[in-house]
Amino acid sequence: MEDIVRGLEDLLGRLHVHEGLRPILSLVIMLAAVFAVLLAGLWGAVRARWISRNTAAFWIFVSPWIIGFLLFTGGPMAYSLYLSFTDWNLIDPPEFVGLANYAEAFTDPDLGQSIKVTLTYAAVSVPLQTVLSLAVALLMNSKVRGIHVFRTIWYLPSLVTGVAQAVLFIWVFNPSYGLANGLLRLLGVEGPRWLFDAGWALPTVIIMSLWTVGGNMVIYLAGLQDIAKELYEAAQIDGAGRWRRLWNITLPQVSPVIFFNVVTGLIYAMQTFTQGYVVTHNGGGPSDSLLFYVLYLYNNAFSFFRMGYASALAWIFFIMIMVLTALVFRGSAFWVYYESQRPKERERRVRAHHAH
Amino acid sequence: MSVPTMPTDAERRGPLGTRILALTLLVVGSAGFVYPFLWMIATALRTPEGVAHAGAALWPLQWQWSNFAEGLGSFPFLTYLRNSLLSTLVPVVAVVFSSSLVGFAFARIRARGAGVLFAVVLSTLLLPQEVTIVPQFILFRNLDMIDTLWPIIVPTFFGSAFFIFLYRQFYLRLPEALTDAALIDGAGWFRIWFSIYLPLSRPIIIATAVLQFMSYWNNFFQAAIYLTTDRWKTLPLALAGFQSVNGTDTPLLMATALVVTAPCVLLFFVAQRHIIGGISFTGSK
């Protein structure tokens, strides 16, 4: 492919196309060629009456996604599987080494550390975020005047994400001038060195992650407002107290939303990169205490240029995420309640509701 | 026959004590949540000496407005701003149109294999992008696009699985009669999408555009991989390297971080209703 790109760029250069536009135009030309082949194939298939016009239209409409999938997801997955069996520094040609990368991974202490950091972070921050955002959503669901102001306040921090959040919290947790230790000093306590202490760095990043629960809160709030009022009224008539109603109505009813947030939150937590990168590059996170998995993968690929080993790490990461997601899905049968599992009952209730 | 009385408003809200407790929790929690944000603004307006004295307090301020000009002036701010805008706004437009097109096909065109393909689209939602980052880097290297914004922009032209899903759900809620009437009138699928469904998509277009803007404005992972020189650096990347340029001048750093965050906060206040609608929509169905 490199040769085709170079050839096209040369050609565009001879046509006096601006240098910065040559790579993208080469890509457009190649994509146009692929698309032309696809169109010709579909046109032929319609003419030969193998497929209907609608089917052809469908595949043309979804072709952007399919091409994108092959180019940026499916193709790269297969290619990285191949690369994971090679040793490659981007300069010399890739050298086939069999399972050596995977064997190395099993005994790599840095990888062990990065898995420990990442799993600890996910296992602690996801439950904390879930409980906190659900609790806040329950509070926000009350009918207090000015509740919209509170909702906005809780949502605002989730707009300060990524680098800005990391930079802010490096200073919030600055041992000498920071907000956290300033507050502790008012109480007469000398605070820890937070991000600059190997034992405290990860807990500090977990606290940071709780600052942005506003995004999840909004999702829970929508789920809470979807719950039919009649359920509560019926329960109250039957004499159910506040906690009974919370436990037997609210939680089962929002359990699909909790499930959605746990799955996405878990995958998101496993992908943590920015906090580790920014804090470490600013002198924090000593003794690899913030060496998140993706940061270690990034270092291997783009600092050490070990493309083969990084690809093996990517595949191990992929399998880890799949296993974790599968476990959460398996476990969900015990605590997630779906209305559609009892369609008849639901139908009866809806009819009763409309009869009023 | 006794008729059970409906609970009154006061009963539904619960006893007074619980309500006061809830309100207290709300106020205290909100204060704690917004405090770091206010502290960030306060710090941005202080002198370095003021920061050393203030500690956790929001007051006093030295009103150093020059921090903003100075912080931004310490690096080629306008270049970074241009790069951030380019690598955010082009993907916003691209992803809105491409996802709408694909989502429309999944919602309205009946075809063999559509169900299986949609399952594949959904399954990619669970796939973290980090898994494919090495081969993607090599792909863009072969395409001669390293240290340009193209690796960030190009993939968005092919739609995003998540937004395709959102558009499909949105279109499924529109009446099917829309397409039937147009088909009888002899309109093609492309015209039906472009002149009937796209104009009806305003709420979902705003929601996806805002979500896409926020995620790409803050995009750090890809920027850190593909952008190496000052010419194409984006604001988050510049902010991450701020300390190596300016030492530890906290007020300058906070001022810069505020400016980087400002567009998202402004956008939130302009499009609050749509954002909340969009985010809730993602969780509910």
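Here the structure is a predicted model, which is why all the values come from computation and not from measurement. Along each chain, residues carry numbers from 1 onward, in the same order as the chain's sequence is written. Chains carry letters and ligands carry numbers; both start at the beginning, A for chains and 1 for ligands, and go up in the order they are written. For a predicted model such as this one, the threshold for reporting local features is a pLDDT of at least 70, and the threshold for listing and counting side-chain atom pairs is 80 or more; totals across whole chains, interfaces and linings nevertheless cover every residue. Remark: hydrogens and water are excluded; side-chain values derive from all non-hydrogen atoms of the structure.

Glancing now at the domain arrangement of chain A. Residue and element names in this part refer to chain A. Delimitation of the domains relies on an automatic or database domain assignment. The domains assigned to chain A are domain 1 (2-83) and domain 2 (105-355). Taking only C-alpha atoms into account, the centre of domain 1 sits 39 Å from that of domain 2. The interface is formed by four residues belonging to domain 1 together with four residues belonging to domain 2. Joining two parts hides part of their accessible area as seen by a 1.4 Å probe, and the buried area is that hidden amount summed over both. A buried area of about 420 Å², summed over both sides, lies between domain 1 and domain 2, and 71% of it is on carbon and sulfur atoms. For the domain 1 face of the interface with domain 2, the top three residues by lost area are Met77, Ser80 and Leu83, together amounting to 82%. What makes a salt bridge here is a side-chain nitrogen of Lys or Arg within 4 Å of a carboxyl oxygen of Asp or Glu, nothing more. At the surface where domain 1 touches domain 2, the tally comes to zero salt bridges. Residues adjacent in sequence count toward polar contacts only when both atoms are side-chain atoms; beyond that, a polar contact is any pair of N or O atoms within 3.5 Å, and within protein one must be able to donate a hydrogen and the other to accept it. Along the contact surface separating domain 1 from domain 2 lie two residue pairs in polar contact (both at pLDDT 80 or more). Throughout, the ten residues Ala, Val, Leu, Ile, Met, Phe, Trp, Tyr, Cys and Pro are labelled nonpolar, Asp, Glu, Lys and Arg are labelled charged, and all others, Gly among them, are labelled polar. Classifying every residue of the side of domain 1 that touches domain 2 gives three nonpolar, one polar and no charged. Contacts are residue-level and defined by heavy atoms, with any inter-residue pair within 4.5 Å sufficient.

As a further point, take the interface of chain B and chain A. How big an interface is tends to be expressed through the accessible area that disappears when the partners come together. The interface of chain B with chain A comprises 103 residues on the first partner and 99 residues on the second. Both faces considered, chain B and chain A share a buried interface measuring about 8,900 Å² in area, 78% of it formed by carbon and sulfur atoms. Summed over the shared surface of chain B and chain A, the number is zero salt bridges. At the boundary of chain B with chain A, the tally comes to nine residue pairs in polar contact (both at pLDDT 80 or more). A class-by-class count of the residues in the side of chain B that touches chain A yields 71 nonpolar, 23 polar and nine charged.

Along the chain, the position of A:Ser26 falls in helix 2 (residues 22-47). In this structure, A:Ser26 is in contact with A:Val5, A:Leu8, A:Glu9 and A:Leu12, ignoring residues within four places of it in sequence. Segments assigned H or I by DSSP are reported as helices when at least four residues long, segments assigned E as strands when at least two residues long, and all are numbered from the N terminus.

With that out of the way, let us pick up the confidence of the model for chain B. With 89% of its residues at a pLDDT of 70 or more, chain B shows a mean pLDDT of 83. Known as pLDDT, the predictor's per-residue confidence is scaled from 0 to 100. Looking over chain B, one finds the lowest element-wise mean pLDDT in helix 1 (residues 9-13) of chain B, namely 51, and the highest in helix 8 (residues 150-153) of chain B, namely 93.

Our next topic: the packing of helix 14 (residues 293-303) of chain A against helix 15 (residues 307-332) of chain A. Packed helices, taken two at a time, are described by the angle their axes make and the gap between the axes. Residue and element names in this part refer to chain A. Remark: helix 14 packs on helix 15, axes separated minimally by 8 Å, with the N-to-C direction vectors making an angle of 160 degrees. Taken together, helix 14 and helix 15 sit at an angle that is classed as roughly antiparallel. Relative to helix 15, the crossing made by helix 14 is left-handed. Each of Tyr293, Val294, Tyr296, Leu297, Asn300, Ala301 and Phe302 in helix 14 lies in contact with helix 15, whose residues at this interface are Met307, Tyr309, Ala310, Leu313, Ala314, Ile316, Phe317 and Met320. Its residues assigned to classes, the contact of helix 14 with helix 15 shows 14 nonpolar, one polar and no charged. In this analysis an axis means a line fitted to C-alpha atoms, helices contributing only their contacting stretch, and an angle means the value between N-to-C directions, from 0 to 180 degrees. Under this scheme an angle from 65 to 115 degrees is roughly perpendicular, one under 35 degrees roughly parallel, and one over 145 degrees roughly antiparallel; angles in between are oblique. Crossing handedness: left-handed means the near helix sits turned counterclockwise from the far one by under a right angle, and right-handed means the same turn made clockwise.

Below, the discussion takes up the domain arrangement of chain B. All names here are of chain B. The domains assigned to chain B are domain 1 (9-64) and domain 2 (75-284). Using C-alpha coordinates to define each centre, domain 1 is positioned 33 Å away from domain 2. With nine residues of domain 1 at the interface, the matching set in domain 2 holds nine residues. Between domain 1 and domain 2, a total of about 670 Å² is buried, with carbon and sulfur atoms accounting for 89% of that surface. On inspection of domain 1 and its partner domain 2, the count reaches zero salt bridges. Put simply, domain 1 and domain 2 have zero residue pairs in polar contact (both at pLDDT 80 or more) between them.

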